[in-house]
Amino acid sequence: MATFHVLIIGGGATGAALAHDLALRGLQVTLVERGEVTSGTTGRHHGLLHSGARYAVKDQESARECIEENMILRRIAPESLELNDGLFVAITEEDVAYRDLFLEGCAQCGIPTRELTREEALRLEPNLSPDLKLAVQVPDGTMDAMRIPLRFLATAKHNGAVIKPFTEVVAILKQGNTVTGVRVRDHRTEKEYEIGADIVVNAAGPWSEKVAAMAGVHVPIQPSPGVLLALRGRLCNMVINRLHRSGDGDIIVPQRGLSVVGTSSWVVEDPDNLPVPEDHVQLMYEKGAEMVPMVKQAPFRAAWSAARPLVGERGATTGRELSRTFKCFDHADEGVEGFVTITGGKATTARGMAETTANVVCQKLGVDAPCRTREVVLLPHTAYYVQPD
Amino acid sequence: MAEQTVQFKVFRYKQGERPSYQTYTVRVDPRTTVLRALEQIRQEQDGTLAFRHSCFHASCGTCGMKVNGQEVLACVTNVLELGTPVVVVEPLDNAPLITDLVVDMGDFYARYQPAGMPMIRESEFLPDSQVPEGVEHHMRLENCIECGLCLSACPVAGSDPLYLGPAALAAAWRMVEEPRGRDPATVLAWVDHEHGCWRCHAAFECSEVCPSNVDPAGAIMALRRELTRRKIGQLFGRR
Ligand SMILES: Cc1cc2nc3c(=O)[nH]c(=O)nc-3n(C[C@H](O)[C@H](O)[C@H](O)COP(=O)(O)OP(=O)(O)OC[C@H]3O[C@@H](n4cnc5c(N)ncnc54)[C@H](O)[C@@H]3O)c2cc1C
Ligand code: SF4
Ligand code: SF4
Ligand code: FES
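## Overview of the sheet that holds strand β2 (residues 20-28) of chain B
Residues and elements named next belong to chain B. The 5 strands lie next to each other as β2-β1-β5-β3-β4, forming an open sheet whose pairing is mixed. If you trace the sheet from one side to the other, it starts and ends with β2 and β4 (70-73), each paired once. The mean inter-strand angle of the sheet, taken between neighbouring strand axes irrespective of direction, is 35°. Here strand β1 (residues 4-12) runs beside β2; their pairing, made up of 9 bridges, is antiparallel. Counted as the bridge partner of Arg12 is Ser20 from β2. Packed onto the sheet, helix α1 (residues 34-44) meets β1, β2, β3 (64-67) and β5 (86-90) and runs at close to 100° relative to β2.

## Brief notes about the packing of aromatic side chains
Where two aromatic rings form a pair, the distance of their centres and the angle of their planes describe that pair. All chains considered together, the criterion is met by 7 aromatic pairs over all chains. Measuring from ring centre to ring centre gives 5.7 Å for Phe11 of chain B and Tyr21 of chain B, while their planes differ by 80°; the resulting arrangement is edge-to-face. Of this pair, Phe11 of chain B sits in strand β1 while Tyr21 of chain B sits in strand β2, and the two are 10 residues apart along the sequence. Taking the relative accessible area as the measure of exposure, Phe11 of chain B reaches 13% and is therefore buried. Considering the side-chain rings of Phe108 of chain B and Tyr109 of chain B, the 5.3 Å spacing of their centres and the 80° angle between planes classify their relative orientation as edge-to-face. Note on accessibility: Phe108 of chain B and Tyr109 of chain B belong to one class, buried. Through a chain of ring-to-ring contacts, three or more aromatic side chains come together here, namely Tyr384 and Tyr385 of chain A together with Phe108, Tyr109 and Tyr112 of chain B. Of note, Lys157 of chain A hangs over the ring of Tyr384 of chain A, and the distance from its end group to the ring centre comes to 4.3 Å. Positioned above the aromatic ring of Phe329 of chain A, the side-chain terminus of Lys327 of chain A is 5.1 Å from the ring centre.

## Some points on the domain arrangement of chain A
Residue and element names in this part refer to chain A. Here chain A is partitioned into domain 1 (5-42 + 146-220 + 323-385) and domain 2 (86-139 + 222-311). Domain 1 puts 15 residues into the contact, and the matching count from domain 2 is 12 residues. Of the roughly 1,100 Å² buried at the junction of domain 1 and domain 2 (both faces included), carbon and sulfur atoms supply 54%. The interface formed by domain 1 and domain 2 holds 5 residue pairs in polar contact (both at pLDDT 80 or more) in total. Of all the elements in the fold, those that place two or more residues in the side of domain 1 that touches domain 2 are β19 (326-330) and β20 (339-344). Looking at the side of domain 1 that touches domain 2 residue by residue, the class counts come to 4 nonpolar, 6 polar and 5 charged.

## Some remarks on helix α7 (residues 278-291) of chain A
Residue and element names in this part refer to chain A. Here α7 contains 14 residues, and its C-alpha end-to-end distance of 21 Å stays within 8% of the 20 Å for a straight helix at 1.5 Å per residue. Within α7, burial applies to His280, Val281, Met284, Tyr285, Gly288, Ala289 and Met291. Among the structural elements, β5 (86-90), β14 (221-232), β15 (239-242), β16 (251-255), β17 (258-262) and β18 (300-311) are those in contact with the buried residues of α7.

## A word on helix α7 (residues 184-191) of chain B
Residues and elements named next belong to chain B. Within α7, burial applies to Pro184, Val187, Leu188 and Val191. Taken around the axis of α7, the buried residues stretch over an arc of 105°, which confines them to a single face. Opposite its buried face, α7 presents the exposed residues Thr186 and Ala189, each directed more than 90 degrees away. Between the side-chain oxygen at the start of α7 and the backbone nitrogen of Ala185 there is a gap of 3.0 Å, and the oxygen is on Asp183.

## What about the pairing of strand β13 (residues 199-202) of chain A?
Residue and element names in this part refer to chain A. The alternating pattern of β13 places Ile199 and Val201 and Val200 and Asn202 on opposite faces, both of which are buried. Pairing of strand β1 (residues 5-9) with β13, which is carried by 4 bridges, proceeds in the parallel orientation. When the sheet's bridge partners are listed, Leu7 is paired in β13 with Val200.

## Comments concerning the site of ligand 2
All names here are of chain B. Residues in contact with ligand 2 amount to 14 residues; listed here are only the nearest, Cys154, Cys200, Phe204, Glu205 and Cys206. The set of elements that each furnish at least two residues to the shell around ligand 2 consists of α5 (155-159), α8 (205-209) and α9 (216-238). Taken together, the residues of the shell around ligand 2 sort by class into 12 nonpolar, 1 polar and 1 charged.

## Describing the side chain of Glu355 of chain A
All names here are of chain A. Its place among the elements puts Glu355 in helix α8 (residues 350-365). Using a relative accessible area of 16% as the deciding quantity, one classes Glu355 as buried. When sequence neighbours within four positions are dropped, the list of residues in contact with Glu355 reads Asp21, Arg25, Cys371 and Arg374.

## Structural notes on the nonpolar core
Soluble globular proteins tend to bury their nonpolar side chains together. Ranked by internal contacts, the top residues of the largest apolar core, which has 94 residues, are Ile8 and Leu22 of chain A together with Leu223 of chain B. The leading source of residues in this core is helix α6 (residues 166-177) of chain B, at 9 residues. Setting aside residues up to four positions removed in sequence, Ile8 of chain A forms contacts with Gly15, Leu18, Ala19, Leu22, Val29, Thr30, Leu31, Val32, Val201 and Ala203 of chain A. Ranked by size, the runner-up nonpolar core spans 39 residues in total, among them Trp304 of chain A together with Val10, Leu49 and Leu101 of chain B.

## Digging into the interface of chain A and chain B
One frequently used descriptor of interface size is the decrease in accessible area upon assembly of the parts. Of the residues lining the interface, 57 residues belong to chain A; the matching set on chain B comes to 58 residues. Summing the contributions of chain A and of chain B, the shared interface buries around 5,000 Å²; its carbon and sulfur component is 54%. In this assembly, chain A and chain B are joined by 7 salt bridges. The partner of Glu278 of chain A in a salt bridge is Arg31 of chain B, and the shortest N-O contact between them spans 2.6 Å. Taken together, chain A and chain B are joined by 28 residue pairs in polar contact (both at pLDDT 80 or more). Class assignment for the residues of the side of chain A that touches chain B results in 23 nonpolar, 16 polar and 18 charged.

## Thoughts on the sheet that holds strand β4 (residues 81-82) of chain A
Residues and elements named next belong to chain A. The antiparallel open sheet is built from 3 strands, whose spatial order is β3-β8-β4. Strands with a single pairing partner mark the edges of an open sheet, and in this sheet they are β3 (48-49) and β4. Where β4 and strand β8 (residues 141-143) come together, 2 bridges link them in antiparallel fashion. Residue pairing across strands places Leu81 opposite Met143, the latter belonging to β8.

Thresholds, definitions, all that
Residues numbered from 1 in each chain as written. Chains lettered and ligands numbered in written order. Predicted model: local features only at pLDDT ≥ 70, side-chain atom pairs only at ≥ 80, totals over all residues. Heavy atoms only, no water. Pairing = 2+ DSSP bridges. Helix = DSSP H or I, 4+ residues; strand = E, 2+ residues; numbered from the N terminus. Axes fitted to C-alpha atoms, helices over the stretch in contact; angles between N-to-C directions. Contact = heavy atoms within 4.5 Å. Phe/Tyr/Trp six-rings, centres within 6.5 Å; stacked < 30°, edge-to-face > 60°. Buried < 20%, exposed > 50% of the residue type's maximum accessible area, 1.4 Å probe, protein only. Lys NZ or Arg CZ within 6 Å of the ring centre and 35° of its normal. Domains from an automatic or database assignment. Buried area = accessible area lost by both parts, 1.4 Å probe. Polar contact = N/O pair within 3.5 Å; in protein donor to acceptor, adjacent residues only side chain to side chain. Nonpolar A, V, L, I, M, F, W, Y, C, P; charged D, E, K, R; others polar. Expected span 1.5 Å × (residues − 1). Arc of directions from axis to C-beta. Near = heavy atom within 4 Å. Core = buried A, V, L, I, M, F, W, Y, C linked by side-chain atoms within 4.5 Å. Salt bridge = Lys/Arg side-chain N within 4 Å of Asp/Glu carboxyl O.

Printed below as a string of structure tokens:
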């Protein structure tokens, strides 16, 4: 088999999982990332290993992807996840009324649930609001937003992939209608050089529209930021979700010695240099405290914003109306060969996104190699920095 | 919120060039962190400025740097609370410099990895909370975020390049304290030498800068006590 060279733009969860998948299939892989790896949306996400329950009523395609990938990650990334499950908590009668729809949605998507009385739930999580009515247990968990992608990258590196952080794509090279590589700027030297490739994959998350524009194609991405609030101290061991239609500040993810409340949702033009609107921070305190009152007293650690790469045309108002599922674009459909974009999705579903994309890439190259990322246990994250470049 | 301008004097280095300092004026509000100010500089004034970041909330450990000479995480260092008209930003010490504020963490991890500490710990949970059905036991990520602040602040690491350093020794102590099925004797043997836990001057600079309550110096003292205890045990055992 001739070795084809695939160049991946973007070192977030998606690019990392794709580098791993393609390296396992025996392809030559180079990944370029303009900053440190995971410096885009990935590192800033909420840290929720989704069970899919959050999307089980309104966005079942995404919910099914989440539960499937949740179970795979438990297998391929052991000892990196806080697997304490999650609770969907009903605080008001309106929340209680949502229960049947929620349980039905979870059942339809294959997400296991366990109904708990108020007392049972309070025994598991004593800091829940005294207004609690009932709760539903689901297989949510906590992941380290950076270290799971590092495990993909460490394994990719081990299998021969070349990872180049601080390397920004400044132009996409074309011969006629075929993409032949990229021009990059190395931020360690500020020198530019070219890298040739048989296929270039755009995995630039909320920046993928900008990157696609360099190749002269359009990707319908709506960058949709959300605010997150980290508090010192663990207020819970399980992930706490509000049992209602997804809204603001309705998830608390415990992680290490922190509790992270999130999130909000609005839309922006530019995913860089995101503001952290003060009213959103206050909303996190208020909404978070409805589930766990101690949110209001816990010492502040950090507040920040991150931009979702939601697939959908601009013009959405809050971003909540857009699906959390992913999309892989083969730009041959618009007349540009050798260029593929993968975007949307969740950090939880990065492996699945990579599988779909690697299938497209292999098919385009005529490579017949099956996906192995469901079984291969990932190297520890420490191996990413220890292995020489 | 009330905005103010602050000067940032930032260490600059590109490979093949001479290091220098460059000053930028930045608008900040009461929530602006050093990390967000650097982002603002990169975005609005100088796209060549390189620094590491990922989580923005003190949990990944990538944004370690020296701010006004002190090792901190840039993402949780509030600019106005520093209270200085000029904020000096420099890369961490005791790690090879790659560019600007970016250091190479390869050496750090090469020393840290052999401790073999799993990311998940088994201790310190909410004491009154029951374990949910279907969950074996509560889990939580370890405290150390591998930021390298301790190593940068450690005077011994500056003078002895072979010193295992505070973070690695703290990880070793975690394996002795909570072996999680591994053999503590192996890790104890790994630290029991002149570049290991006996090298430390015990001035606790590392514990002072640690942003994640690891207390590496305390861990080093605990390793010494444990080794001494075992050696005394062996002496009596042999007799
Ligand atoms: C507030 C918020 C909370 C979230 N919470 C969760 C959660 O709890 N669980 C979950 O599973 N998902 C969560 N998500 C979703 C998840 O974070 C994203 O879906 C995922 O991280 C996207 O990864 P990515 O690799 O596609 O994009 P990114 O991580 O953004 O990666 C793209 C990379 O491309 C790089 N890049 C851009 N332009 C260039 C260029 N020209 N040259 C080189 N590199 C370039 C960027 O620097 C960036 O690192 C959340 C999202 C948000 C916004
Ligand atoms: S206490 Fe020991 S390890 Fe810590 S900084 Fe001082 S010499 Fe280094
Ligand atoms: S011990 Fe503390 S200072 Fe040292 S690397 Fe770990 S978290 Fe950072
Ligand atoms: S950016 Fe993660 S610790 Fe600061």
